[in-house]
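Coordinates in review
Here is what each chain is made of, one letter per residue.
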Amino acid sequence: ASVVCALEALQETVTAAFRIARKAGVTTILNPAPPRPLGPELTAMTDVLVPNEHEAAELAGHDGHAGELAEELSRQLGIAGVVVTAGQQGAYVVANGARATRLPAPSVHAADTTGAGDAFVGALAVRLRDGVSLLESARFAVSAASVSVQRPGTMPAFPRLDEL
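Residues numbered from 1 in each chain as written. Predicted model: local features only at pLDDT ≥ 70, side-chain atom pairs only at ≥ 80, totals over all residues. Heavy atoms only, no water.

A separate point is the overall build of the protein. Across its full length, the protein holds six helices and six strands. Ordering the α and β elements of the protein from the N terminus gives β-α-β-α-β-α-α-β-β-β-α-α. Its C-alpha radius of gyration of 15 Å places the protein within 12% of the 15 Å reference for a compact globule of 164 residues. On the principal axes, the C-alpha backbone points of the protein span a range of 40 × 35 × 25 Å. A buried classification covers 45% of the 164 residues belonging to the protein. (Helix = DSSP H or I, 4+ residues; strand = E, 2+ residues; numbered from the N terminus. Rg over C-alpha atoms; globule rule 2.2 N^0.38 Å. Buried < 20%, exposed > 50% of the residue type's maximum accessible area, 1.4 Å probe, protein only.)

We now examine the sheet that holds strand E3 (residues 48-49). One key point about sheets: their strands pair by backbone hydrogen bonds, in either a parallel or an antiparallel sense. Strand order in this open sheet of six strands is E1-E2-E3-E4-E5-E6, and the pairing throughout is mixed. With partners counted over all chains shown, the strands left at the sheet margins are strand E1 (2-6) and strand E6 (101-103), one partner each. Here E1 runs beside strand E2 (residues 27-31); their pairing, made up of five bridges, is parallel. Bridge pairing links Cys-5 to Leu-30 in E2. (Pairing = 2+ DSSP bridges.)

Moving on to the packing of aromatic side chains. According to the stated counting rule, one finds zero aromatic pairs in the structure shown. A cation sits over an aromatic face here: Arg-127 above Phe-140, 4.0 Å from the ring centre. (Phe/Tyr/Trp six-rings, centres within 6.5 Å; stacked < 30°, edge-to-face > 60°. Lys NZ or Arg CZ within 6 Å of the ring centre and 35° of its normal.)

Here we take up the pairing of strand E4 (residues 81-85). Burial runs high along E4: five of the five residues are buried. Neither face of E4 is exposed, since Gly-81, Val-83 and Thr-85 on one face and Val-82 and Val-84 on the opposite face are all buried. Two strands pair when backbone bridges link them, and E3 and E4 are joined in this way by two bridges, in the parallel orientation. Across the sheet, the residue bridging to Val-48 is Gly-81, located in E4. For E4 and strand E5 (residues 91-95), the ladder comprises five bridges, and the chain directions are antiparallel. Paired with Gly-81 across the two strands is Ala-95, which belongs to E5. Connecting E4 to the next strand, E5, in antiparallel fashion are five residues, including Gly-87 with a positive phi near 55°.

This part covers the pattern of salt bridges. Evaluation of the coordinates by the stated rule reveals six salt bridges. Here Asp-130 makes a salt bridge to Arg-127, at a shortest N to O gap of 4.0 Å. Taking relative accessible area as the criterion, Asp-130 reaches 43% and is therefore assigned partly exposed. Of the charged contacts, one joins Asp-130 and Arg-129 as a salt bridge, the two residues approaching to 3.2 Å between their closest N and O atoms. On the basis of relative accessibility, which here comes to 47%, the residue Arg-129 falls in the partly exposed class. (Salt bridge = Lys/Arg side-chain N within 4 Å of Asp/Glu carboxyl O.)

Attention shifts here to the nonpolar core. Counting 23 residues, the largest nonpolar core has Leu-30, Leu-49 and Val-82 as the members making the most contacts within it. Sequence-distant contacts of Leu-30, that is, excluding residues within four places in its chain, are made with Cys-5, Leu-7, Val-14, Phe-18, Leu-38, Leu-42, Thr-46, Val-48, Leu-49 and Val-50. One finds Ile-29, Ala-91, Val-93 and Ala-145 within the second-largest nonpolar core, a separate group that totals 21 residues. (Core = buried A, V, L, I, M, F, W, Y, C linked by side-chain atoms within 4.5 Å. Contact = heavy atoms within 4.5 Å.)

Structure representation (structure tokens):
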């Protein structure tokens, strides 16, 4: 199982949810949107951090290449799994202190990118829940987001498993 939270909720609420998840042995996934400084208790309980490249730059305090930002955030925050999404460039994955691996996105005609991040995080959580590695889960999530941007809307644009 996994618990996914974003920072639309109060950070204290996210921290409380992750505390409960940790006690239950559940994977915690944080989408730091909108970005804001993360408290040490929250980062200590985050298994996977999934910012987009703009959120990653804000968390790091400077602009930079998405892969380098993923590596820096993993080191700075002490989070073993960091996935920085980079739109049509795909995603950059850092797992357990390794160098960032780029997962390119397929070239598609984007009709609506509104829900791409949510499609990505949802697909990532599904695969992680199934025990798939972070790298392979992120590869699957890139595919899901790539399908979703080809359709208008958010939830109706999310692909079904049989479409991936």
